[in-house]
Amino acid sequence: MDYLNPQKGEQILEFGFGTGQNLILAANKNNAVSYVGLDIDPKVKFIAEQKLKKNNLDIKLNLYDGNLFPYVDNSFDKVFSSLVFHQLDKSTKKSCLAEIYRVLK
């Protein structure tokens, strides 16, 4: 998670949090950051919530409908994603990138 370089007070979003492992790694690197996760799958959200609880981490996980992210413009200092975009078709990739751009400060 060195590439993320989390700084104290930042708001950081993981797009496609999956089972939450990257959020756990990031929070262990710097817990003075506010992390949020966004995914489309309720099943993995449940798994991630259990893992976060087991690691005593209070990270908000949100689901979205595949269209608009549930955040206002300019909400996050950084957004990261891993193993998501290869699963999306071209149109969905473009709309997700537009949403990431919208929610970045």
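Structure: see above.
Bear in mind that the values here come from a model prediction, so they are computed numbers and not experimental data.

## Re the overall build of the protein
Along the backbone of the protein there are three helices and four strands. Oriented by its inertia axes, the alpha-carbon framework of the protein measures out at about 35 × 30 × 25 Å. In the protein, buried positions account for 39% of the 105 residues. In the protein, once contacts between residues fewer than 6 apart in sequence are set aside, the share between residues at least 24 apart is 69%. With an accessible surface of roughly 6400 Å², the protein has 52% of that area assigned to carbon and sulfur atoms.

## Section: helix H3 (residues 90-103)
In this model H3 runs 20 Å from its N-terminal to its C-terminal C-alpha over 14 residues, within 8% of the 20 Å that 1.5 Å per residue would give. For H3, the complete set of buried residues consists of Cys96, Glu99, Ile100 and Val103. The buried residues of H3 occupy one face: seen down the axis, they fall within an arc of 100 degrees. Residues of H3 that are exposed and angled more than 90 degrees away from the buried face: Lys90, Ser91, Lys94 and Tyr101. Contacts made by the buried residues of H3 are with strand E1 (11-15) and strand E4 (78-81).

## As for the nonpolar core
Counting residues in hydrophobic clusters, the biggest one holds 15 residues, and the most contacted among them are Leu23, Tyr35, Ile59 and Leu61. Looking at this core, the elements with two or more residues in it are helix H1 (21-29) and helix H2 (42-54). Each residue touching Leu61, except ones within four places of it in the same chain, is listed here: Phe17, Leu23, Gly37, Lys45, Ala48, Glu49 and Leu52. Counting 13 residues, the second-largest nonpolar core is a separate cluster that includes Val84, Leu88, Cys96 and Val103.

## Overview of the pairing of E1
E1 sits mainly inside the fold: four of its five residues count as buried. The pairing of E1 with strand E2 (residues 34-39) spans five bridges and is classified as parallel. From the neighbouring strand, Leu13 faces E2, where its bridge partner is Val36. Tracing the backbone out of E1, into H1 and back to the parallel element E2 gives a crossover that is right-handed.

## Focus on H1
Among the residues of H1, those classed as buried are Leu23, Ile24, Ala26 and Ala27. Projected onto a plane normal to the axis of H1, the buried residues spread over an arc of 165 degrees and lie on a single side. Elements that come into contact with the buried residues of H1 comprise E1, E2, H2, strand E3 (60-63) and E4.

## A word on the side chain of Asn30
Residue placement: Asn30 occurs in the loop between H1 and E2. Using a relative accessible area of 16% as the deciding quantity, one classes Asn30 as buried. Separated by 2.9 Å, the side chain of Asn30 and the backbone oxygen of Pro6 make a polar contact. Contacts of Asn30, omitting those with residues within four sequence positions, involve Pro6, Gln7, Lys8 and Tyr35.

Criteria and cut-off values
- Residues numbered from 1 in each chain as written.
- Predicted model: local features only at pLDDT ≥ 70, side-chain atom pairs only at ≥ 80, totals over all residues.
- Heavy atoms only, no water.
- Helix = DSSP H or I, 4+ residues; strand = E, 2+ residues; numbered from the N terminus.
- Buried < 20%, exposed > 50% of the residue type's maximum accessible area, 1.4 Å probe, protein only.
- Contact = heavy atoms within 4.5 Å.
- Areas by Shrake-Rupley, 256 points an atom, 1.4 Å probe, with all protein chains shown as cover.
- Expected span 1.5 Å × (residues − 1).
- Arc of directions from axis to C-beta.
- Core = buried A, V, L, I, M, F, W, Y, C linked by side-chain atoms within 4.5 Å.
- Pairing = 2+ DSSP bridges.
- Right-handed = clockwise from strand over helix to strand, strands pointing away.
- Polar contact = N/O pair within 3.5 Å; in protein donor to acceptor, adjacent residues only side chain to side chain.

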